[in-house]
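Topology and contacts: notes
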Amino acid sequence: MELTPRLRLMNWLVHQGLTGLPENDLIRGFCERCCAEGLHLARGMVFIDTLHPIFEGRGFRWNDAETNESDAFEYGSTNEGEAADAWRRSIFYHMLENGHQEMPLELAQGQSYNFKFTGDLLDRGHKHLVAYVHQFGEGGTMGQMDCVYSYWTTRRDEGFGEQGLEALRDLVPVLGLAIKSAAQADITRTLGRVYLGRDTAEQVLRGRITRGVTERINAVLWFSDLRGSTAISESIEPDEIIPFLNDYAQASIDAIHDAGGEVLKLIGDGVLGMFTHENMAKAKRAALRAEHRFRHNMQTVNVRRTTEGRAATSAHVGLHVGEVFYGNIGSDDRLDFTVVGPAVNEVSRIASMCRSVDRELLTSSAFRAGLDAAGRNYLVSTGRYALRGIGQAQDLFTLDPAIAADEVVGGKYERYLAS
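What this report covers is the structure whose coordinates are included nearby. Note that the coordinates shown come from a computational prediction; the quantities given were computed from them, not determined experimentally.

**Side note on the overall build of the protein chain**
Scanning the protein chain from N- to C-terminus turns up 15 helices and 14 strands. The C-alpha radius of gyration of the protein chain comes to 28 Å, more than 25% above the 22 Å expected for a compact globule of 419 residues. Residue burial in the protein chain is summarised as follows: out of 419 residues, 46% are buried. Relative to all contacts within the protein chain whose residues are 6 or more apart in sequence, the contacts with residues 24 or more apart total 64%. Taken together, the 44 basic and 57 acidic charged side chains of the protein chain have centroids lying 7 Å from each other.

Structural data, given as structure tokens:
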């Protein structure tokens, strides 16, 4: 590849990196342009570790012919099991161990070093391979994301040739920079969703980061906590406490998300969430749907934990509706994007009353009043109570016991939630 098309491709990579083109589109566009300019790529593979609670990293591939391989994939930890063995047999592990940044292989001559994938590439007609490891400096590292790995192949008997290798030496680092930029944006969005919540992360990433910037919204509020969690935590081994909390947090968070709600905060074993909609009756039904799903999730968790001989429990849920302030609260250098207002205090008090009246779910009268007639019929009064710290007593409601006791009524309730 001559200098002019090489510079043209570099400019394209920089422009697409700035505009935020997804990684798989970057790889495809890069490879297609290389081929059009006479650099005969047959396959390209790029890996980059990431900062994610589940995946260790992501990979992207391009082929010059149709395959059943996906062009993007995630991979888990390479520290144990088969993944660790595959990593130690890879060309990239060999390069890191021996301090190589570039490593060419003549596949057709059997120069494979017994690397995991090279035999398969040769069987597919690839003749020459070159691999690169481009490491980041300390200031450019984010968690385990400390370098970009890539390899490139050609089917030409003569390989890439010195001119082709010179072009790749110039171009691949620029591609790596564009991939790194896209990966950092992905990490930012992931961390935002994981630590702030889905909607909250979107709000922050759109620039709502100024202290005191809030909006008044009407929302259905959810507060749940575990029954007897303190006593259970004192009775189990210390290294069992976090898995115990995680199992039940997953049950509630999945239920809230599946019903379209937003998880705002985890407070010990408590979960604060909200549901919003232009039609508040629909938001309330979504909250009831989440509570119903939560019970099914809890049952699954309890069956598994009991089978494993581990501690199991149940949970209380309080549902309320009211006007809250939603936005940034805190100091200039430590903000929390959350909801505040009297309604938030009330929903936590309602949830705490579940212990006193021996019910798993309690809702406020305001929550029940906003439901349609069918929904109101499924909630029955448990009496009028004074909530701690709340000036005025109020009626609290729970699900009609017939829902659990009568299959016909229970089926009608499920159809109501799904409608």
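More follows now that the structure is in view.
**What to know about the nonpolar core**
Core analysis: the largest hydrophobic core is formed by 39 residues, its most contacted members being Trp-222 and Phe-275. Among the secondary structure elements, those contributing two or more residues to this core are strand S7 (214-226), helix H9 (238-258), strand S9 (270-275), helix H10 (280-307), strand S10 (315-331), strand S14 (394-399) and helix H15 (407-418). The greatest single-element share of this core, amounting to nine residues, is contributed by H10.

**Description of the sheet that holds strand S1 (residues 43-49)**
The sheet built from six strands is open, its strands ordered S3-S2-S1-S6-S5-S4 with antiparallel pairing. Two strands close off the open sheet at either side, each with one partner strand: strand S3 (72-75) and strand S4 (102-106). Each neighbouring strand pair of the sheet contributes to a mean axis angle of 15°, computed without reference to strand direction. Examined bridge by bridge, strand S5 (residues 128-135) and strand S6 (residues 147-154) share eight bridges and lie antiparallel to one another. Counted as the bridge partner of Tyr-132 is Ser-150 from S6. Where helix H4 (residues 91-98) meets the sheet, its contacts fall on S1, S4, S5 and S6, and the angle it forms with S5 comes to roughly 55°.

**Looking at the pattern of salt bridges**
Counted by the stated rule, this structure contains 30 salt bridges. As a salt-bridge pair, Arg-169 and Glu-102 come within 2.8 Å of each other at their nearest N and O atoms. Here Arg-169, found in helix H6 (residues 161-196), pairs with Glu-102, found in strand S4; they are 67 residues apart in sequence, far enough to count as distant. Residue Arg-169 is classed as partly exposed on the basis of its relative accessible area, which comes to 33%. Look at Glu-102 and you get partly exposed, because its relative accessible area is 25%.

**Topic: the pairing of S7**
Relative to S10, S7 runs antiparallel, the two sharing 13 bridges. Bridge pairing in S10 places Leu-221 opposite His-320. As judged from the five bridges shared by S7 and S9, these two strands associate in the antiparallel manner. Bridge pairing links Val-220 to Phe-275 in S9.

**Things to note about the packing of aromatic side chains**
Inspection of every chain in the model, using the stated rule, returns 14 aromatic pairs. Judged by centre distance (5.7 Å) and plane angle (75°), the ring pair of Trp-87 and Tyr-149 falls under edge-to-face. Placement of Trp-87 in helix H3 (residues 81-88) and of Tyr-149 in strand S6 is noted, with a sequence separation of 62 residues between them. Here Tyr-378 and Tyr-413 contribute two aromatic rings whose centre-to-centre distance is 5.0 Å and whose plane-to-plane angle is 65°, an arrangement assigned as edge-to-face. One end of the pair, Tyr-378, is in the loop between helix H13 (373-377) and strand S13 (379-385); the other, Tyr-413, is in helix H15, and 35 residues separate them in sequence. The exposure class assigned to Tyr-378 is buried, which follows from its relative accessible area of 14%. On the basis of relative accessible area, Tyr-413 is assigned to the buried category, the value being 1%.

**What about the packing of helix H1 (residues 3-19) against helix H2 (residues 23-36)?**
Remark: H1 packs on H2, axes separated minimally by 11 Å, with the N-to-C direction vectors making an angle of 170°. Relative to H2, the element H1 lies roughly antiparallel. Together, Leu-9, Trp-12, Leu-13 and Gln-16 of H1 and Asp-25, Leu-26, Gly-29, Phe-30, Arg-33 and Cys-34 of H2 make up the contact between the two elements. Looking at the contact of H1 with H2, its residues break down into six nonpolar, two polar and two charged.

**Quick look at H4**
Among the residues making up H4, those that are buried are Ile-91, Phe-92 and Met-95. Mapping the buried residues of H4 onto a view down its axis gives an arc of 100°, with all of them on the same face. The secondary structure elements touched by the buried residues of H4 are S1, H3, S4, S5 and S6. One or two residues past the end of H4 sits Gly-99, with phi positive at roughly 70°.

**Focus: the environment of Arg-227**
Tracing the backbone through its elements, the reader meets Arg-227 in the loop between S7 and helix H8 (229-235). Note on Arg-227: relative accessible area 32%, which makes it partly exposed. For the pair Arg-227 and Thr-118, spaced 109 residues apart in sequence, the C-alpha separation works out to 56 Å. Non-local contacts of Arg-227, meaning those with residues more than four positions away in its chain, are made with Ile-232, Thr-313, Ser-314, Ala-315, His-316, Asp-358 and Glu-360.

**A word on helix H7 (residues 198-205)**
Among all positions in H7, only Thr-200, Ala-201 and Gln-203 are buried. When H7 is viewed along its axis, its buried side chains cluster within an angular range of 160° and face the same direction.

**As for the side chain of Lys-284**
With respect to the secondary-structure elements, Lys-284 resides in helix H10. Here Lys-284 is buried and forms no salt bridge, its nearest opposite-charge partner Asp-372 lying at an N-O distance of 10 Å. Engagement of the side chain of Lys-284 in a polar contact is seen with the backbone oxygen of Ala-366, the distance being 3.3 Å. Apart from the residues lying within four places of it in its own chain, the contact partners of Lys-284 are Val-220, Val-321, Ala-366, Phe-367, Gly-370 and Leu-371.

Cut-offs and rules
Residues numbered from 1 in each chain as written. Predicted model: local features only at pLDDT ≥ 70, side-chain atom pairs only at ≥ 80, totals over all residues. Heavy atoms only, no water. Helix = DSSP H or I, 4+ residues; strand = E, 2+ residues; numbered from the N terminus. Rg over C-alpha atoms; globule rule 2.2 N^0.38 Å. Buried < 20%, exposed > 50% of the residue type's maximum accessible area, 1.4 Å probe, protein only. Contact = heavy atoms within 4.5 Å. Lys, Arg positive; Asp, Glu negative; His and termini not counted. Charge placed at Lys NZ, Arg CZ, Asp CG, Glu CD. Core = buried A, V, L, I, M, F, W, Y, C linked by side-chain atoms within 4.5 Å. Pairing = 2+ DSSP bridges. Axes fitted to C-alpha atoms, helices over the stretch in contact; angles between N-to-C directions. Salt bridge = Lys/Arg side-chain N within 4 Å of Asp/Glu carboxyl O. Phe/Tyr/Trp six-rings, centres within 6.5 Å; stacked < 30°, edge-to-face > 60°. Parallel < 35°, antiparallel > 145°, perpendicular 65-115°, else oblique. Nonpolar A, V, L, I, M, F, W, Y, C, P; charged D, E, K, R; others polar. Arc of directions from axis to C-beta. Polar contact = N/O pair within 3.5 Å; in protein donor to acceptor, adjacent residues only side chain to side chain.

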